[in-house]
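So you can see what is in the structure, the chains are spelled out below.
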Amino acid sequence: MTLGSESKRREQNQKNAVKGIMILERLTLTNFRNYRGFDLEWSPGVNMIWGANAQGKTNLLEAIYFLSAYSSFRPGVVGEMVGKSGDFFYVGGDFISGGLKHTVKAGYSLRKKYALKLDGNVKRRLGDMIGVLNAVVFSPDDLFLMKGNPEERRRFLDGEIAQMSPQSYAVFQRYHKTLRQRNNLLKELRDGGGDSAVLAAFDRQLAESGGYILWKRKEALDRLLPLTRLAHRRITDGREELILSYVGGFDFLKESELRRFSLVQWQDTFYDVLQDLRKEDIRRGTTTFGPHRDDISFTVNGDDVKKFGSQGQQRTATLALKIGELELMKGQRGEYPILLLDDVLSELDQDRRTALIGVVNEKIQTFITGTKEQDFIHRFLHNGNGLSIQIAGGVVLSSKSV
Ligand SMILES: Nc1ncnc2c1ncn2[C@@H]1O[C@H](COP(=O)(O)OP(=O)(O)OP(=O)(O)O)[C@@H](O)[C@H]1O
Ligand SMILES: [Mg+2]
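Residues numbered from 1 in each chain as written. Chains lettered and ligands numbered in written order. Predicted model: local features only at pLDDT ≥ 70, side-chain atom pairs only at ≥ 80, totals over all residues.

### Re the overall build of the protein
When you go through the protein residue by residue, the secondary structure sums to 13 helices and 15 strands. The C-alpha radius of gyration of the protein comes to 23 Å, within 12% of the 21 Å expected for a compact globule of 402 residues. Dimensions of the protein, computed from C-alpha atoms along their principal axes, come out at roughly 75 × 55 × 35 Å. Sorting the 402 residues of the protein into buried and exposed places 42% on the buried side. (Helix = DSSP H or I, 4+ residues; strand = E, 2+ residues; numbered from the N terminus. Rg over C-alpha atoms; globule rule 2.2 N^0.38 Å. Buried ≥ 20, exposed ≤ 12 C-beta atoms within 10 Å, placed from the backbone.)

Below you can see the structure in the form of structure tokens.
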């Protein structure tokens, strides 16, 4: 990299800081997957990461994503990201958000311990770190959002919520812990043991965290719906309308009623439902109602995309959802998040690619992986502000400004 291009990059970073986008300036890795070490300054515009299969392209996106969610977007446990030359990995990043420079350092050891620092200060809770940097990832696996189980869609929505309201992370954890305890107790009660006074305490705890989750999911979906619908309309030239709706929750209540619900009402109503279903829950030995059983439905022109959508329609809906996600975060934080596109560009047809480029152009720092250094990345370039790196075996083979 020449000194000239570095100073140009710095200048561009400063301009972008004013424009309201998040920019990852630098990433450092130690013993992360197949990277023994890595240290690179990125372009504030488009970064193309290319190379043959299994060389570490997705691993790099995963490392960047880790700095936003402290987990992976790929299935599996965090420990799997620890490389072979030690029992820990380390990811560090310098980034700009809110016009200010920040530094994060995050370590994870096989003893399941995180070591976290933000701007030099030690942070003990993940909730203090999640969402400080925001990232949206779009990978071929995202098609499972349309085709897969409800669990995938819940994970998507909850991930959104955690990035936007960091305090919610602890609530999700609390909910799942209480749910496990309550389910164990329900089985005991069914089999003639257990203490029903303890059940009453679990009901209260579950309603408190569960009501909060339902409340947050409703809010997130209400915001996401118009943004996704608009993106979808643009991609399909107004021919198709995508609607997202929440399935489950309090769908026995009217929308107009729910709209006025306060957090306490969500929690109280949840508690009431648990009381109504208590006998049934004991009989079945499990909690039959709650956010852990809900889903999101996607319909295009009234038909369920999951059941009736073509491959193309499912792709379009997924792309619209991702664009909606970018706009949602921008609306919440006042800044566009970082965008990670894993192997998706070559899979999109011309219209969809154009739609995506239209959103990204000049305003979102983007990281794109592919097996070839593709020509179309030039269409993503922000005034010729881009970087292209070739990866082989967890090492940067070449790097050039484009
Ligand atoms: N914990 C780990 N330690 C060391 N190497 C790992 C670890 N986890 C994964 N790898 C290696 O990383 C490589 C895969 O990297 P990655 O998924 O980033 O490939 P890719 O370049 O995106 O390939 P593709 O083009 O196929 O998507 C594999 O060779 C795998 O063995
Ligand atoms: Mg890959």
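### What to know about the pairing of strand S8 (residues 135–138)
Covered by surrounding structure in S8 are Ala135 and Val137 together with Val136 and Phe138, the residues of both alternating faces. Bridge count for S8 against strand S12 (residues 338–342) is four bridges, and the pairing is parallel. Bridging across to S12, Val137 finds its partner in Leu340. (Pairing = 2+ DSSP bridges.)

### A word on the site of ligand 1
Near ligand 1 there are 17 residues, and of these Asn34, Asn53, Lys57, Thr58 and Asn59 occur at the shortest range. Among the residues making up the shell around ligand 1, the classes are represented as three nonpolar, nine polar and five charged. (Near = placed C-beta within 6 Å. Nonpolar A, V, L, I, M, F, W, Y, C, P; charged D, E, K, R; others polar.)

### Thoughts on the environment of Phe298
Of note, Phe298 is situated in strand S10 (residues 295–300). In the structure, Phe298 is positioned 54 residues away from Leu244 in sequence and 4.8 Å away in space, judged by C-alpha atoms. Once you skip the residues sitting within four places of it in the chain, Phe298 turns out to touch Met146, Leu242, Leu244, Val305, Lys306 and Ala317. (Contact = placed C-beta atoms within 7 Å.)

### Here's the deal with helix H4 (residues 150–164)
Relative to the 21 Å expected for 15 residues at 1.5 Å per residue, H4 spans 21 Å between its end C-alpha atoms, a close match to the ideal helical length. Looking only at H4, the buried set comprises Arg153, Leu157, Gly159, Glu160, Ile161, Ala162, Gln163 and Met164. The elements touched by buried residues of H4 are helix H2 (57–69), helix H3 (144–147), helix H5 (168–190), helix H6 (196–235), S10 and helix H11 (311–333). (Expected span 1.5 Å × (residues − 1).)

### Notes on the domain arrangement of the protein
In many reports, interface size means the accessible area that the parts give up when they come together. Under the domain assignment, the protein is made up of domain 1 (1–134 + 335–402) and domain 2 (148–331). Taking only C-alpha atoms into account, the centre of domain 1 sits 30 Å from that of domain 2. With 18 residues of domain 1 at the interface, the matching set in domain 2 holds 17 residues. Every element with two or more residues in the side of domain 1 that touches domain 2 is listed here: H2 and helix H12 (350–360). For the side of domain 1 that touches domain 2, the element with the most residues is H12, which contributes five residues. (Domains from an automatic or database assignment.)

### Examining the pairing of strand S13 (residues 366–370)
Counted residue by residue, S13 has four buried out of five residues, so it is predominantly covered. In terms of strand pairing, strand S3 (residues 46–50) meets S13 through five bridges, oriented parallel. In the sheet register, Trp50 faces S13, and the bridge partner there is Gly370. Two elements, S12 and S13, share four bridges in a ladder whose sense is parallel. Paired with Leu341 across the bridge in S13 is Ile368.

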